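# Inside the fold
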Amino acid sequence: MYKIMISTLLLAAGLCIGGLAAAQDAMPAARPAANADAYPSAPRDPALKPVFEQFGGKPGLVALMNDFMDNLVADPVTRPYFENADRDHIKAELVDQFCVILDGPCTYTGKDMASAHRGMDVNRAAFNALVQDLQSAMNKHDIPFRAQNKLLAKLAPMHRQIVTKL
Ligand code: HEM
């Protein structure tokens, strides 16, 4: 019963993020990609330091990203984007990005989200699939549901810079 509730909530979280993307797509004056550059890709949130610990600190994030990337390559929706990419580099950047968001002792030196994903034609389905692949990796690592949602809430608005296609 408990497991079913959690899965339902996870699905709701995924749908919520998808819903945010849908709302953005439905807006009559969609934000042009050039303006999206002005948005920070990884704002630090000191309130999330306890969440950083719940993720197992930086070693926890490194382990999480290995499974996340395995999921992305196994997922037919996201595989085309990642199979020929420098996956080790992306994982390292993701570790730093998530570490900064969760107020860990890291610095993110990667690209802003608009530049990193420009020209990839990432659509809403691919964005939602990536979120689900991250959720399943977080589940595998027994990250508490509330901690998962704290991170997801920070990632969700990034769809404005990343999703450039219906
Ligand atoms: C909230 C969602 C996402 C976050 C936080 C995120 C984060 C990142 C980061 C940090 C990088 C590395 C940037 C750098 O090299 O400096 C990156 C690169 C990349 N991302 Fe994302 N990303 C997201 C969504 C997606 C989606 C939905 C796709 C496609 C399905 C995608 C595909 C890629 C690819 C292929 C690269 C490598 C680009 C290259 O080779 O230069 N990302 N992403």
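Every chain begins its residue count from 1, and numbering advances along the sequence as written. The model is predicted, so local features are restricted to residues of pLDDT at least 70 and side-chain atom pairs to those at 80 or more, both for listing and for counting; the totals for chains, interfaces and linings are taken over all residues. Side-chain metrics in this entry use all non-hydrogen atoms of the structure; hydrogen atoms and water are not considered.

## Considering the overall build of the chain
What counts, and what does not: A run of H or I in DSSP counts as a helix once it spans at least four residues, and a run of E counts as a strand once it spans at least two, with each numbered from the N terminus. Accessible surface is estimated by sampling points in the Shrake-Rupley manner with a 1.4 Å probe; for residues, cover comes only from the protein chains shown.
From N to C terminus, the chain includes 10 helices and 0 strands. Listing the helices and strands of the chain from first to last along the sequence gives α-α-α-α-α-α-α-α-α-α. Carbon and sulfur atoms make up 59% of the accessible area of the chain, which totals about 8,900 Å².

## Points about the state of the cysteines
Let me state the cut-off plainly: Count a disulfide wherever a pair of cysteine sulfur atoms falls within 2.5 Å. Three exposure classes are used, based on accessible area relative to the maximum for each residue type with a 1.4 Å probe and protein chains only: buried under 20%, partly exposed in between, and exposed over 50%.
Counted by the stated rule, this structure contains 1 disulfide. The disulfide bridge from Cys99 ends at Cys106, spanning 1.9 Å between sulfur atoms. Disulfide Cys99-Cys106: torsion about the S-S bond near 65 degrees, hence right-handed. Each of the two residues, Cys99 as well as Cys106, counts as buried.

## Description of the nonpolar core
Threshold: To form a nonpolar core, buried Ala, Val, Leu, Ile, Met, Phe, Trp, Tyr and Cys residues must be joined to one another through side-chain atoms within 4.5 Å. By definition, residues are in contact when any of their heavy atoms lie within 4.5 Å.
Membership of the largest hydrophobic core comes to 37 residues, with the highest contact counts inside it found for Phe55 and Leu61. Counting residues per element, the ones that place at least two in this core are helix H3 (49–54), helix H4 (57–74), helix H6 (87–101), helix H8 (124–140) and helix H9 (145–155). Residues contacting Leu61, with those up to four places away along its chain left out, are Phe52, Phe55, Val95, Phe98 and Cys99.

## Some points on the site of the ligand
Applied cut-off: Throughout, the term near means that a residue has one or more heavy atoms lying within 4 Å of the molecule or strand in question. Polar contact is the term for a pair of N or O atoms within 3.5 Å; when the atoms are in protein, one must be able to donate a hydrogen and the other to accept it, and sequence-neighboring residues count only if both atoms are side-chain atoms. Each residue receives one of three labels: charged for Asp, Glu, Lys and Arg, nonpolar for Ala, Val, Leu, Ile, Met, Phe, Trp, Tyr, Cys and Pro, and polar for the others, Gly being one of them.
Taken together, 21 residues surround the ligand, and among them Tyr81, Phe82, His89, Lys111 and His117 come closest. With respect to the ligand, the side chain of His89 contributes an N or O atom lying 2.8 Å from an oxygen atom. If you list the elements that add at least two residues to the shell around the ligand, you get helix H5 (79–82), H6, helix H7 (113–117) and H8. For the shell around the ligand, the per-class residue count stands at 15 nonpolar, 4 polar and 2 charged.

## Brief notes about unusual backbone geometry
The backbone phi angle of Asp103 is positive, close to 65 degrees, even though this residue is not glycine. Tracing the sequence through the fold places Asp103 in the loop between H6 and H7. Positive phi outside glycine occurs at Asp142, with the angle close to 55 degrees. Here Asp142 lies in the loop between H8 and H9.

## Notes on H4
Residues three or four positions apart in an α-helix share a direction because the helix packs 3.6 residues into each turn. Keep this limit in mind: One fewer than the residue count of a helix, multiplied by 1.5 Å, yields its expected span.
With 18 residues, H4 ought to run about 26 Å at 1.5 Å a step, and its terminal C-alpha atoms sit 26 Å apart, in line with that. Along H4, the residues that are buried comprise Gly57, Gly60, Leu61, Leu64, Met65, Asp67, Phe68, Met69 and Leu72. Its buried side turned inward, H4 meets H3, H5, H6 and H8.

## Overview of the UniProt feature "binding site: heme" (unreviewed entry) in the chain
Rules: UniProt positions are given in the numbering used here, feature names are shortened, and annotations may be inferred rather than shown by experiment.
The sites that UniProt annotates as "binding site: heme" (unreviewed entry) are His117. The topology assignment puts His117 in helix H7. Its relative accessible area of 19% is what places His117 among the buried residues. Of the polar contacts made by the side chain of His117, one reaches the backbone oxygen of Met113; its length is 2.8 Å.

## Here we look at H8
In a regular helix each residue adds 1.5 Å, so 17 residues correspond to 24 Å; H8 covers 24 Å between its end C-alpha atoms and thus fits that length. Ala126, Phe127, Ala129, Val131, Asp133, Leu134, Gln135, Ala137 and Met138 are the residues of H8 that are buried. Sitting at the head of H8, Asn123 places a side-chain oxygen 3.3 Å from the backbone nitrogen of Ala125. Looking one or two places after H8, you find Asp142, whose phi comes out positive at around 55 degrees.

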